[in-house]
Amino acid sequence: MQLGGAAVTDESIERSRAQGQLNKANGRRVENWCAHIRIERFGGVGMLEMMSGDPIGHFGPACDHADASGMMSYDIRDAAVDFHDRHCQGCALRKPVREPNLSQWVAERDRQLAEAQARETAAAEAQVAALAARRQQRQQLRPGLAPAAANVVDQLDELDGTSTPELTQRLVEKARLAPEAFPEPIREHLFGLLEAGEIWAEDAALGALSALKADPSRLSRVSAGCMRRWSGSLAPVRVFVRTLAAGDPKDVAAVFPALVELASPERQPFESNRRPRRAPLMRLARRFPAEVRHEIEQRLSRGEPGSVSQASRAIAVLARWTFDAIKGFARDLVALLVRAKWIP
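Residues numbered from 1 in each chain as written. Predicted model: local features only at pLDDT ≥ 70, side-chain atom pairs only at ≥ 80, totals over all residues. Heavy atoms only, no water.

Trainee: Run through the overall build of the protein, naming residues and quoting values.
Mentor: For the protein, the helix and strand inventory stands at 15 helices and 4 strands. Relative to the 2.2 N^0.38 estimate, which gives 20 Å for 344 residues, the radius of gyration of the protein is 28 Å and therefore markedly larger than a compact globule would have. Taking all 344 residues of the protein together, 40% fall into the buried category. Counted over contacts in the protein with a minimum sequence separation of 6, partners at least 24 positions apart contribute 60%. Summed over its atoms, the accessible surface of the protein is roughly 19600 Å², and 54% of this surface lies on carbon and sulfur atoms. In the protein, which carries 48 positive and 44 negative side-chain charges, the distance between the mean positions of the two groups comes to 5 Å. (Helix = DSSP H or I, 4+ residues; strand = E, 2+ residues; numbered from the N terminus. Rg over C-alpha atoms; globule rule 2.2 N^0.38 Å. Buried < 20%, exposed > 50% of the residue type's maximum accessible area, 1.4 Å probe, protein only. Contact = heavy atoms within 4.5 Å. Areas by Shrake-Rupley, 256 points an atom, 1.4 Å probe, with all protein chains shown as cover. Lys, Arg positive; Asp, Glu negative; His and termini not counted. Charge placed at Lys NZ, Arg CZ, Asp CG, Glu CD.)

Trainee: Quick one: what's the story with helix α7 (residues 184-195), residue by residue and with numbers?
Mentor: End to end, α7 covers 16 Å across 12 residues, agreeing with the expected 16 Å (1.5 Å per residue, within 8%). Looking only at α7, the buried set comprises I186, H189, L190, F191, L193 and L194. Taken together, the buried residues of α7 touch α4 (103-139), α5 (147-159), α8 (202-211) and α9 (216-228). G197, located one to two residues past α7, shows a positive phi value of around 80°. (Expected span 1.5 Å × (residues − 1).)

Trainee: Please give an account of α4 that cites residues and values.
Mentor: Here α4 is 37 residues long and its end C-alpha atoms lie 54 Å apart, about the 54 Å a rise of 1.5 Å per residue gives. Listing the buried residues of α4 in full gives W105, V106, R134 and R138. For α4, the elements touching its buried residues are α1 (10-33), α3 (76-88), α5 and α7.

Trainee: Explain the pattern of salt bridges to me, and be specific about the residues and the numbers.
Mentor: Per the stated rule, a full pass over the model turns up 24 salt bridges. Across the pair R138 and D160 runs a salt bridge, and its minimum N-O distance is 2.8 Å. Here R138 is found in helix α4, whereas its partner D160 is found in the loop between α5 and α6 (165-177), with 22 residues between them in sequence. With relative accessibility at 2%, the residue D160 sits in the buried group. Among the ionic pairs, R293 bridges to E297, the shortest N-O distance being 3.6 Å. With R293 and E297 both in helix α13 (residues 289-302) and 4 residues apart, the pair spans about one turn of that helix. Within this structure, R134, R138, R142, D154, D157, D160 and E198 form a network of salt bridges that share partners. (Salt bridge = Lys/Arg side-chain N within 4 Å of Asp/Glu carboxyl O.)

Trainee: Tell me about the packing of α6 against α8, residues and numbers included.
Mentor: The packing of two helices is summarised by the inter-axis angle and the distance between the axes. The interhelical angle for the contact between α6 and α8, taken along N-to-C directions, is 15°, at an axis separation of 8 Å. Considered as vectors, α6 and α8 are oriented roughly parallel to each other. Handedness of the α6/α8 crossing: right-handed. Across the interface between the two elements, T168, L171, V172, A175 and R176 of α6 pack against D203, A204, G207, A208 and A211 of α8. Among the residues making up the contact of α6 with α8, the classes are represented as 6 nonpolar, 2 polar and 2 charged. (Axes fitted to C-alpha atoms, helices over the stretch in contact; angles between N-to-C directions. Parallel < 35°, antiparallel > 145°, perpendicular 65-115°, else oblique. Left-handed = near helix turned anticlockwise from the far one by under 90°. Nonpolar A, V, L, I, M, F, W, Y, C, P; charged D, E, K, R; others polar.)

Trainee: Go over the nonpolar core, please, and point to the residues and values.
Mentor: Ranked by internal contacts, the top residues of the largest apolar core, which has 32 residues, are L281, L284, V292, I296 and L300. Mapped by element, the contributors of at least two residues to this core are α9, α10 (235-242), α11 (252-263), α12 (279-287), α13, α14 (305-318) and α15 (329-339). In terms of residues, this core owes the most to one element, α11, which gives 8 residues. Each residue touching V292, except ones within four places of it in the same chain, is listed here: V252, F256, L284, A285 and L318. L141, A204, L209 and V222 belong to the second largest nonpolar core, which has 31 residues in total. (Core = buried A, V, L, I, M, F, W, Y, C linked by side-chain atoms within 4.5 Å.)

Trainee: Residue-level account of the packing of α9 against α11, with values.
Mentor: Between α9 and α11, the least distance of the axes is 8 Å, while the angle of their chain directions is 55°. One element, α9, and the other, α11, form an angle in the oblique class. Note on packing geometry: the crossing formed by α9 with α11 is left-handed. Seen from α9, the contacting residues are A224, M227 and R228; seen from α11, they are A254, V255, A258 and L259.

Trainee: Let's hear about unusual backbone geometry: which residues, and what values?
Mentor: The omega torsion of the bond from E99 to P100 falls at -5°, within 30 degrees of zero and hence cis. Not every positive phi belongs to a glycine, and K213 is a case in point at roughly 55°. Within the secondary structure, K213 sits in the loop between α8 and α9. On the basis of relative accessibility, which here comes to 72%, the residue K213 falls in the exposed class.

Trainee: Any details on the state of the cysteines? Residues and values, ideally.
Mentor: What is meant by a disulfide is a covalent connection between two cysteines, made through their sulfur atoms. Counted according to the given criterion, the structure contains 0 disulfides. No disulfide involves C34; its nearest neighbouring cysteine sulfur is the one of C63, lying 5.9 Å away. By relative accessible area, which is 6% here, C34 ends up buried. Considering cysteine sulfurs only, C88 is the nearest to C91, which forms no disulfide, with 6.5 Å between them. (Disulfide = S-S within 2.5 Å.)

Structure below.
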């Protein structure tokens with residue numbers, strides 16, 4: 001059913017009713033904060049609110065002593081905390097009513113902010129310590145290195161923390177033109193950075209190791225690891241495809257989501273359409289057909305919108321190559337979509 005341009009399902013009605021009951025209880029807590037506060041709404045009264053009697057919509061606090069109106073929100077708690085921060089702190093006219101009131105929400109918000117700040121501080125300190133440890137590790141590589149190899153260490157120090165496309169390209173070109181500048185200890189360091197999940201080093205290390213024609217099975221494994229935490233870079237995709245012959249079928253689960261997104265990008269609001277790159281997914285299916293089929297079956301069996309979307313896009317791409325790759329999926333997919341509660 002469509003109502004006001006939006007799909008209405010039993011689940012959406014139940015969610016709206018639950019939010020209305022929550023707003024009703026939380027509205028009383030807002031009014032308990034101060035005798036001057038009142039609750040105002042934005043917009044009209046909907047049909048569901050008329051039937052249930054619960055406040056369903058956008059609401060927010062108001063006060064004659066406030067110098068401006070506050071925000072309105074579907075969950076009144078958000079508007080209440082915002083109003084408190086803007087208008088109630090230091091107000092000499094407040095008339096407390098009773099507990100519980102919005103002070104508990106403010107205290108919980110402050111606690112969460114303090115915890116988040118502590119996590120950010122700890123993460124920043126850990127990042128600084130990790131950078132120092134990596135640089136110390138590279139210093140230990142220097143004794144006995146030829147000048148050209150020592151220059152590679154300098155380049156890695158420069159890249160670490162200030163990674164740019166220009167610095168990345170410079171290291172890759174050096175690997176291509178002067179492979180002797182990358183002795184085994186430096187190659188191991190590059191592999192170690194990739195295995196440790198150092199995202200800043202992915203493009204540079206993969207490009208250099210690929211130019212050096214390093215161990216293809218190990219290259220395939222580390223590029224698959226990069227694609228597990230894929231950020232959109234094509235470098236790990238290119239390396240994985242080049243080393244596919246030496247790949248491990250266990251890595252299919254790691255690379256499948258990234259290759260589906262690359263082959264059939266999911267449309268996002270406010271985002272320009274990306275050009276599909278189907279060849280990597282098709283080559284993966286040719287190399288590991290049973291594993292790719294298993295990944296599709298798993299996603300269809302979950303029945304969740306995101307998983308079904310990913311499986312459906314994979315099926316549509318592979319159907320361009322050969323119908324045998326997707327044989328048997330059509331009936332399962334249609335049956336799933338007909339029963340899906342998340343489709344209006």
